[in-house]
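# Descriptive analysis of the structure
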Amino acid sequence: MDPELMQRHPLAVLLVMLALAVVVALVVHRLGATVLRRLTRRRPLLSIMVERAYEPSRWLLVVMAVHAVLQGAPDGLPGVVVLAGLTRLLLIAVVTWLLIRCCGAVGEGIVQLNPADVADNLGARRIQTQTRVLVRSVNLLILVIGLAAMLMTLPGVRQIGASIMASAGLMGLVAGFAARPVLGNVIAGLQIAITQPIRLDDVLIVEGEWGRVEEITGAYVVIRIWDERRLVVPLQWFIENPFQNWTRTSSQLIGTVFLWVDYRLPLDPMRQALQRLCEEAPEWDRRVCVLQVVETSERSMQVRALVSARSSGEAWDLRCKIREGLIAFVQNEYPDCLPRLRVEGEVQGSGRPEPGQPARPGPSGEQEGLSGGDADPTADIVDGGQAVRR
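Residues numbered from 1 in each chain as written. Predicted model: local features only at pLDDT ≥ 70, side-chain atom pairs only at ≥ 80, totals over all residues. Heavy atoms only, no water.

## Overview of the nonpolar core
Grouped together as the largest cluster of nonpolar side chains are 25 residues, with contacts concentrated most on Leu265, Met270, Leu274, Ala305, Leu318, Ile322 and Leu326. Those elements giving two or more residues to this core turn out to be strand 6 (253-261), helix 11 (267-280), strand 7 (284-296), strand 8 (301-309) and helix 12 (312-333). The greatest single-element share of this core, amounting to 6 residues, is contributed by helix 12. In this view, Leu274 contacts Cys289, Val290, Leu291, Ala305, Val307, Ile322 and Leu326; residues no more than four positions away in its chain are not counted. Val213, Val233, Trp237 and Phe238 belong to the second-largest nonpolar core, a separate cluster that totals 17 residues. (Core = buried A, V, L, I, M, F, W, Y, C linked by side-chain atoms within 4.5 Å. Buried < 20%, exposed > 50% of the residue type's maximum accessible area, 1.4 Å probe, protein only. Helix = DSSP H or I, 4+ residues; strand = E, 2+ residues; numbered from the N terminus. Contact = heavy atoms within 4.5 Å.)

## A word on the sheet that holds strand 3 (residues 220-225)
The antiparallel open sheet is built from 5 strands, whose spatial order is 4-3-2-1-5. A strand with exactly one partner marks an edge of an open sheet, and here the two such strands are strand 4 (230-234) and strand 5 (244-245). Bridging between strand 3 and strand 4 involves 5 bridges; their strand directions are antiparallel. For Arg224, the partnering residue across the bridge sits in strand 4 and is Arg230. (Pairing = 2+ DSSP bridges.)

## Let's talk about a nonpolar patch on the surface
Together, Val24, Val28, Leu61 and Met64 make up an exposed nonpolar region whose accessible area comes to about 330 Å². Sorting the residues of the nonpolar patch by element identifies helix 2 (10-39) and helix 4 (54-72) as the ones contributing at least two each. Mapping Val24 onto the fold places it in helix 2. You can call Val24 exposed: its relative accessible area is 51%. (Patch = residues over 30% accessible without salt bridge, like charges linked within 9 Å, V, L, I, M, F, W, Y side chains within 5 Å. Areas by Shrake-Rupley, 256 points an atom, 1.4 Å probe, with all protein chains shown as cover. Salt bridge = Lys/Arg side-chain N within 4 Å of Asp/Glu carboxyl O.)

## Overview of the side chain of Thr131
When you line up the elements, Thr131 lands in helix 6 (residues 122-152). When its relative accessible area of 10% is taken as the criterion, Thr131 is described as buried. Not counting residues up to four positions away in its chain, the partners in contact with Thr131 are Gly107, Ile110 and Val111.

## What about the packing of helix 4 against helix 5 (residues 80-113)?
Two elements in contact, helix 4 and helix 5, have axes separated by 9 Å at closest approach and are oriented at 155 degrees. With respect to their mutual orientation, helix 4 and helix 5 come out roughly antiparallel. Classified by chirality, the crossing of helix 5 by helix 4 is left-handed. Side by side, helix 4 and helix 5 meet where Glu55, Pro56, Ser57, Trp59, Leu60, Val63, Met64, Val66, His67, Leu70 and Gln71 of the first sit next to Val80, Leu83, Ala84, Thr87, Arg88, Leu90, Leu91, Val94, Val95, Trp97, Leu98 and Arg101 of the second. Split into classes, the residues belonging to the contact of helix 4 with helix 5 amount to 16 nonpolar, 4 polar and 3 charged. (Axes fitted to C-alpha atoms, helices over the stretch in contact; angles between N-to-C directions. Parallel < 35°, antiparallel > 145°, perpendicular 65-115°, else oblique. Left-handed = near helix turned anticlockwise from the far one by under 90°. Nonpolar A, V, L, I, M, F, W, Y, C, P; charged D, E, K, R; others polar.)

## Let's talk about the environment of Ala219
Take Ala219: it is sitting in the loop between strand 2 (209-216) and strand 3. Look at Ala219 and you get partly exposed, because its relative accessible area is 34%. Put simply, Ala219 and Gln236 are 17 residues apart on the chain and 8.3 Å apart in space, counted from C-alpha to C-alpha. In this view, Ala219 contacts Asn185, Pro234 and Leu235; residues no more than four positions away in its chain are not counted.

## Here we look at the side chain of Asp202
Turning to its location among the elements, Asp202 is positioned in the loop between helix 9 (180-195) and strand 1 (203-206). Look at Asp202 and you get buried, because its relative accessible area is 0%. Here Arg199 takes part through its backbone nitrogen, which lies 2.8 Å from a polar atom of the side chain of Asp202. Separated by 2.7 Å, the side chains of Asp202 and Thr247 make a polar contact. Those residues in contact with Asp202 that sit more than four places away from it in its chain are Arg125, Pro197, Gly211, Arg212, Val213, Asn245 and Thr247. (Polar contact = N/O pair within 3.5 Å; in protein donor to acceptor, adjacent residues only side chain to side chain.)

## Some points on the pattern of salt bridges
Enumeration according to the criterion identifies 16 salt bridges in this entry. Put simply, Arg212 and Asp201 hold a salt bridge, and the shortest N to O gap is 3.7 Å. Taken as a pair, Arg212 in strand 2 and Asp201 in the loop between helix 9 and strand 1 lie far apart in primary sequence, 11 residues in all. One network of salt bridges, with partners in common, ties together Glu214, Arg224, Glu228 and Arg230.

## Brief notes about unusual backbone geometry
With phi around 55 degrees, Gln196 is a residue other than glycine that occupies positive phi space. Tracing the chain through its elements places Gln196 in the loop between helix 9 and strand 1. Judged by relative accessible area, Gln196 falls into the buried class, the value being 3%. If you check the backbone angles, Glu207 has positive phi at about 55 degrees while not being a glycine.

## Re the sheet that holds strand 8
In space, the 3 strands of this open sheet follow the order 6-8-7, with antiparallel pairing throughout. Edge positions in the open sheet fall to strand 6 and strand 7, since each of these has one partner strand only. The average angle at which neighbouring strand axes cross in this sheet is 20 degrees, direction not considered. On the sheet, helix 11 packs against strand 6, strand 7 and strand 8 and is oriented at approximately 150 degrees with respect to strand 7. Contacts from helix 12 reach strand 6, strand 7 and strand 8 within the one sheet, and its direction differs from that of strand 6 by about 20 degrees.

Remember that the coordinates give geometry; whether it matters functionally is a separate question.
Below you can see the structure in the form of structure tokens.
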């Protein structure tokens, strides 16, 4: 550049140099992006990072080129000092933007390398949960550092930026009292990411509701209830309260089916019917198929069927099928073994009357026994609210 021309028209020369710097930065960015895309074509993680960093890296090169030109411009030119200060702020902002996009690209790449739509997705869900929570936490940290660095470049508020960087402990105490719920959720999010009491797609029982973990944010967890409702729970709640996690180590579950039946029902045919029902059900994983008597009363006995399935959803469907099948089996094969209420009558004196002889009247002139005024002293069986003669 001609020094004489620069002295006579410094502003015009500066504008031309800025334009050339911007053009060179854009050309270099385009060439660099093309080369990187070809090199990372077979590497998913690096390819995602290149795509996510494309836009902020282009602005970064442009701002760096403009800042370099302004640094070499004469200080006497009007507005150069102000433009140089603005480019410094833009440079910090663009670097912060680039770091956030790169961090998000790393998280997205890890999630894609560990898909959760497979049969055994326990490890994938663990990795995805850690990745998503840690990426959000790191992005928040990068944003705070970037804002503090921008404040430190301004002479009037430089002390504020330095305080943010150097007095983080004191400010943390002050902010802790003012924003305890927010900070509590942030700390709880880090605890959940490290210890992982819950993961994405885990089956939970929270506040009496059954659902799956649909989303874990930096402040709350969204649980999709079985009837398509959404339960939003703060992160800190999972650290301070007990809850049920049905898929903590495995998605396999054992389901139970309870039935009340009469004492006269033979158990061996019922066990065979249970085995047949399990073998016919595609939800059964062939681990557990047991029938046991677990309770008795003065009227009937309670049997429990234990069946196993690969997941909680299949366990629910299998329980319903087994319950319906066992009820149909009792109804069809042993209809007289449904739960019954027995009422037996007795007559006063020694023994029952001879066949064909009427029962002796009691002191009040009525027939003794729980069957009221019925002259037949034999027992009645009440089935479903109606008396059936034995």
